[in-house]
Amino acid sequence: MTYTRPHLLGIEDLSQAEITTLLDRADTHAEAERGSRDHGAPLKGLTQINMFFEASTRTQASFEIAGKRLGADVMNMAVSASSIRKGETLIDTALTLNAMHPDLLVVRHPHSGAVRLLADKVNCAVLNAGDGRHEHPTQALLDALTIRRAKGRLHRLTIAICGDIAHSRVARSNIFLLGKMENRVRLVGPPTLMPSGAADWGVEVYGDMAEGLKGADVVMMLRLQKERMDGAFIPSEREYFHRFGLNAEKLGHAKPDAIVMHPGPMNRGVEIDGTIADDINRSVIQEQVEMGVAVRMAAMEILAENLRARREAGE
Amino acid sequence: MTNALLHNARLIDPEAGTETLGWLRIEDGRIAETGEGPRSGGTDCGGLCLAPGIVDLGVKVGEPGERHKESFRSAGMAAAAGGVTTMVTRPDTATPIDTPEVLEFVTRRAEAEAVVNVRPMAALTRARAGREMTEIGFLLDAGAVAFSDGDHVTTDTKVLSRCMTYARSLGALIIAHPQEPGLSDGAAVTSGKFAALRGLPSVPVMAERIGLERDLALVEMTGARYHADQITTATALPALERAKDAGLDVTAGVSIHHLTLNELDVGPYRTFFKIKPPLRSEDDRQAMVAALRDGLIDVLCSMHTPQDEESKRLPFEAAASGAVGLETLLPAALRLYHNAEMDLPGLFRALALNPAKRLGLEAGRLSPGAPADLVLFDPDVPFVLDRFTLRSKAKNTPFDGARMQGRVDRTWVGGETVYTRECA
């Protein structure tokens, strides 16, 4: 057991061993999901609150299912609809919740760093379900698990992350994780969607799909937000699809056995051609969703173990 | 006690650029004479440094409108304890200081409450909205020493050029915040690797240069007297140098935070390090220190901006900008002295003499006839700053827990003692 932290706030500070611990545990849950469905209810008696300050369907459902399969009492709070409108601050919301003694708090927030700020004020385990443009650690872990299962390893791979890197917390967490596991990471996208200083991250930056995908083992597409398509960052949807959308021709530059990933939800015909997304020989998009539940089970289970250990130690 | 003799003091004279052990005599609230060597009678300063009191250009006091953040009384106490003898106050208050009536209110409050001198600035445009100019003439008569919209950039160049032309006819000084607002809108940090890793909205350093170049072109066109409130990036310096070489009536300032901290100090989203413009790279910090030492940047100030806990206890993007600085300006500035980057007369040239000269004040000097606004300090005493000991109502300092050196022992305004460490 090498993951002893109280929270899962990001990938940036994690070690290889901690990442491997989380992935190994997730693997056992993934197998159980496909087989007996028996996880032993390790979260029985614990309360999990999903607090989403930003709308989410997929991630919230994934956390909810993961918690329920492990026996937790799960509650969803649509915070954007309630207290924020009444002017309550994030810290007050956190303190209010804390007084109800939850055990696991799953938080998504539109501001970078907000989940960490909240984690400092509560004494339960906090999982970052995405903070602004900063990190989305469970997404990076589920991507890593998907890659590891498809490729049989998680090192010495060439991985191209394509699209809107600048606004993507998924990209940041993946860059941290894949870099730590000693892979070759490439960023591919138009310069207006590339963060300043990206070249200093220990990655290779490309402005052209053919070059960026050459010899890649993994092609990871990112979602392009609707609000970025209006001419401020790229001229139009169709020009973007022409230059950066993944189709069979562009994928042809990658290795013949390269896998295609997407964190969802997809814009078919904008960043990815529908036939590629549905190609069961190349696309692992459905498996990503499946691994998402397993990874969240693993993360919550390990954090719950750490929480119980701390409580028994009387902290 | 407006007559006094202070001896056995290390006299820091920014005008002469000298540091001498000697004495200083005060008569009727003014410096009567100074001299080298020993002298008996009066107050023994114990060999500590005696310098002109700091003229802090750009202090925000929460009056009118936000007295819970900082009042003239609390700001004055903080200033006195920090060796600041003149606060040049900003007009970007909750109710902007944009009419003679509001200015008179401020002046009255300051006279009644503050233990140090207060010289108010007034807004350049009504409500600092950048559309119509304020009554610059009336405001000058009411005591405004400069005209500024704070960190609001007058985006309409026609409005700014008319303000400059009109201000020039009255000899009024315009203080602007050089920044291209299209680039800086919503930014919390400086663009670069750190900003991208933290996922924070950022502004490129070029925004400052674009803003400055535009302003300087208008200064060249109108002949206005112009001061850039804060120059914080190396990329903006050549434009400043060109303007000065061309003989334009231009000066520039920098905040102590940009000289002693860099962008990495934000660390894990520490909002007390969120200031405007945002902290820069280490290369820029070093370039600003060199520019201040070489005199390209004229004025060193605190940009004292009190914010209450509530406006800082928020996610970084949502938190308010600004840091208090009246009490930490001198010890933080002494870091440059201890690092052998500036000597003491050079520091006080930037802290006292240059801002006083720019605003046409008699203070900031150790010469006979100048007001006896003085600070006596020990530059070497080490301490660890505890923000709750600050006299400001707001405690938002980035130096909380920092190791600093330099302690004010006594402060005089017009020959009257307004602070002594023993009574603190």
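Look above for the structure.
Residues numbered from 1 in each chain as written. Chains lettered and ligands numbered in written order. Predicted model: local features only at pLDDT ≥ 70, side-chain atom pairs only at ≥ 80, totals over all residues. Heavy atoms only, no water.

S.K.: Mind laying out the overall build of chain A, listing which residues take part and the relevant values?
M.R.: A tally of helices and strands in chain A yields eleven helices and nine strands. Relative to a compact globule of 315 residues, whose C-alpha radius of gyration would be 20 Å, chain A shows 19 Å and is just as compact. The principal-axis extent of the C-alpha atoms belonging to chain A is close to 60 × 45 × 35 Å. By the burial criterion, 57% of the 315 residues in chain A qualify as buried. Long-range pairs, those at least 24 residues apart, make up 74% of the contacts in chain A with a sequence separation of at least 6. Carbon and sulfur atoms form 49% of the exposed surface of chain A, whose accessible area is close to 12800 Å². (Helix = DSSP H or I, 4+ residues; strand = E, 2+ residues; numbered from the N terminus. Rg over C-alpha atoms; globule rule 2.2 N^0.38 Å. Buried < 20%, exposed > 50% of the residue type's maximum accessible area, 1.4 Å probe, protein only. Contact = heavy atoms within 4.5 Å. Areas by Shrake-Rupley, 256 points an atom, 1.4 Å probe, with all protein chains shown as cover.)

S.K.: Go over the interface of chain A and chain B with me, naming the residues and quoting the values.
M.R.: Each partner contributes to the interface: chain A provides 22 residues, whereas chain B provides 17 residues. Taken together, both faces of the contact between chain A and chain B bury some 1600 Å²; the carbon and sulfur share is 60%. Seen at the junction of chain A and chain B, the total is one salt bridge. Of the charged contacts, one joins E12(A) and R198(B) as a salt bridge, the two residues approaching to 3.3 Å between their closest N and O atoms. Connecting chain A to chain B are six residue pairs in polar contact (both at pLDDT 80 or more). The element that contributes the greatest number of residues to the side of chain A that touches chain B is helix α4 (residues 114–119) of chain A, accounting for three residues. (Buried area = accessible area lost by both parts, 1.4 Å probe. Salt bridge = Lys/Arg side-chain N within 4 Å of Asp/Glu carboxyl O. Polar contact = N/O pair within 3.5 Å; in protein donor to acceptor, adjacent residues only side chain to side chain.)

S.K.: Lay out unusual backbone geometry in plain terms, naming residues and giving numbers.
M.R.: The peptide bond linking G264(A) to P265(A) adopts the cis configuration, its omega dihedral lying at -10°. Note that P265(A) resides in the loop between β9 (259–261) and α10 (274–277). Its identity is not glycine, yet Y269(B) carries a phi of approximately 65°, on the positive side. Within the fold, Y269(B) resides in the loop between α9 (256–260) and α10 (282–293). Residue classification places Y269(B) among the buried residues on the basis of a relative accessible area of 10%. Although it is not a glycine, A340(B) adopts a positive phi angle of roughly 60°. As for its position among the elements, A340(B) is in the loop between α12 (329–338) and α13 (344–359).

S.K.: Before we move on, could you go through the nonpolar core and cite the residues and values that matter?
M.R.: One broad trend across soluble globular proteins is that nonpolar side chains are buried collectively. Core analysis: the largest hydrophobic core is formed by 102 residues, its most contacted members being M87(B), L300(B), L347(B) and F348(B). In this structure, M87(B) is in contact with D56(B), V59(B), A75(B), G76(B), A79(B), A114(B), V116(B), N117(B), V118(B), R119(B) and L326(B), ignoring residues within four places of it in sequence. (Core = buried A, V, L, I, M, F, W, Y, C linked by side-chain atoms within 4.5 Å.)

S.K.: So what's going on with a nonpolar patch on the surface? Residues and values would help.
M.R.: Residues and elements named next belong to chain B. There is a patch of nonpolar side chains on the surface, built from L183, M206 and I210 and spanning about 220 Å² of accessible area. Topologically, I210 is positioned in helix α7 (residues 206–222). For I210, a relative accessible area of 36% puts it in the partly exposed group. (Patch = residues over 30% accessible without salt bridge, like charges linked within 9 Å, V, L, I, M, F, W, Y side chains within 5 Å.)

S.K.: If you had to explain empty space enclosed by the protein to someone new, which residues and values would you point to?
M.R.: Residue and element names in this part refer to chain B. In this structure the tally under the stated criterion is three cavities of 30 Å³ or more. A volume near 110 Å³ is recorded for the largest cavity. For the lining of the largest cavity, the secondary structure elements donating two or more residues are β10 (173–176) and α7. Along the lines of polarity and charge, the residues of the lining of the largest cavity split into seven nonpolar, seven polar and three charged. (1 Å grid on protein atoms, 1.4 Å probe; cavity = no way out; pocket = protein on both sides within 12 Å on 5 of 7 lines; lining within 4 Å. Points joined across faces, edges and corners; volume = space filled by probe spheres on them. Nonpolar A, V, L, I, M, F, W, Y, C, P; charged D, E, K, R; others polar.)

S.K.: How would you explain the sheet that holds strand β1 (residues 47–52) of chain A if you had to name every residue and give the values?
M.R.: All names here are of chain A. Taken together, the four strands give an open sheet; going across it, the order is β2-β1-β3-β4, and neighbouring strands pair in parallel fashion. Either end of the sheet is taken by a strand with one partner, and the two such strands are β2 (73–78) and β4 (125–131). Each neighbouring strand pair of the sheet contributes to a mean axis angle of 15°, computed without reference to strand direction. Two strands pair when backbone bridges link them, and β1 and β2 are joined in this way by six bridges, in the parallel orientation. In the strand pairing of β2, F52 is matched with A78. Along the sheet, helix α11 (residues 285–312) contacts β1, β3 (104–109) and β4; its crossing angle with β4, the most-contacted strand, is approximately 145°. (Pairing = 2+ DSSP bridges. Axes fitted to C-alpha atoms, helices over the stretch in contact; angles between N-to-C directions.)

S.K.: Explain the packing of α7(B) against helix α8 (residues 237–245) of chain B to me, using residue names and the numbers behind them.
M.R.: Residue and element names in this part refer to chain B. For the pair α7 and α8, the least separation of the axes is 9 Å and the interaxial angle reads 15°. On the basis of the axis angle, α7 is roughly parallel to α8. The handedness of the crossing between α7 and α8 comes out as left-handed. When α7 is examined against α8, the residues L212, E213 and L216 are found in contact with a partner set consisting of A239, L240, R242 and A243. Among the residues forming the contact of α7 with α8, the class breakdown is five nonpolar, no polar and two charged. (Parallel < 35°, antiparallel > 145°, perpendicular 65-115°, else oblique. Left-handed = near helix turned anticlockwise from the far one by under 90°.)

S.K.: Just give me the short version of the packing of aromatic side chains, but keep the residues and values in it.
M.R.: The way to describe two aromatic rings as a pair is by their centre distance and the angle between their planes. Residues and elements named next belong to chain B. Scanning the model with the defined rule gives two aromatic pairs over all chains in all. For the pair F348 and F377, a centre-to-centre distance of 5.6 Å together with 25° between the ring planes defines the contact as stacked. You can see F348 sitting in helix α13 and its partner F377 sitting in strand β16 (residues 374–384), a full 29 residues away along the chain. As far as burial versus exposure is concerned, F348 and F377 are alike and both buried. Residue placement shows R39 over the ring face of W23; its charged tip is 4.2 Å from the ring centre. We note R198 situated over the ring of Y269; from NZ or CZ to the ring centre the distance is 5.8 Å. (Phe/Tyr/Trp six-rings, centres within 6.5 Å; stacked < 30°, edge-to-face > 60°. Lys NZ or Arg CZ within 6 Å of the ring centre and 35° of its normal.)

S.K.: Help me get a handle on the layout of surface pockets, residues and values and all.
M.R.: All names here are of chain A. Here the largest pocket defines a volume of roughly 790 Å³. Residue lining of the largest pocket: 35 residues in total, with R108, R169, V170, Q225 and G264 positioned closest to the centre. Of all the secondary structure elements, the ones that give two or more residues to the lining of the largest pocket are α2 (58–69), α5 (137–151), α6 (169–180) and α11. Here the residues of the lining of the largest pocket are counted per class, giving nine nonpolar, 15 polar and eleven charged.

S.K.: Give me the pairing of β4(A): which residues, what numbers.
M.R.: Residues and elements named next belong to chain A. Counted residue by residue, β4 has seven buried out of seven residues, so it is predominantly covered. Bridge count for β3 against β4 is five bridges, and the pairing is parallel. Paired with V106 across the bridge in β4 is L127. As a crossover connection, the stretch from β3 through α4 into β4 is right-handed. (Right-handed = clockwise from strand over helix to strand, strands pointing away.)

S.K.: Requested: an account of the environment of L117(A), with residues and values cited.
M.R.: Its place among the elements puts L117(A) in helix α4. We classify L117(A) as buried; its relative accessible area is 19%. For the pair L117(A) and A94(A), spaced 23 residues apart in sequence, the C-alpha to C-alpha distance is 9.5 Å. The contacts of L117(A), once residues within four sequence positions are left out, are L90(A), I91(A), L314(B) and P315(B).

S.K.: I'd like a rundown of the pattern of salt bridges, residues and numbers included.
M.R.: All names here are of chain A. Within this structure, the stated rule accounts for 47 salt bridges over all chains. The salt bridge involving R169 is made with E54; its shortest N-O contact spans 2.9 Å. With R169 in helix α6 and E54 in the loop between β1 and α2, this pair connects stretches of sequence that are 115 residues apart. In this structure E54 comes out as partly exposed when scored by relative accessible area, which is 24%. Salt bridges sharing partners connect three or more residues here, namely D24, D27, E31, R34, R148, R149, E287 and E290.

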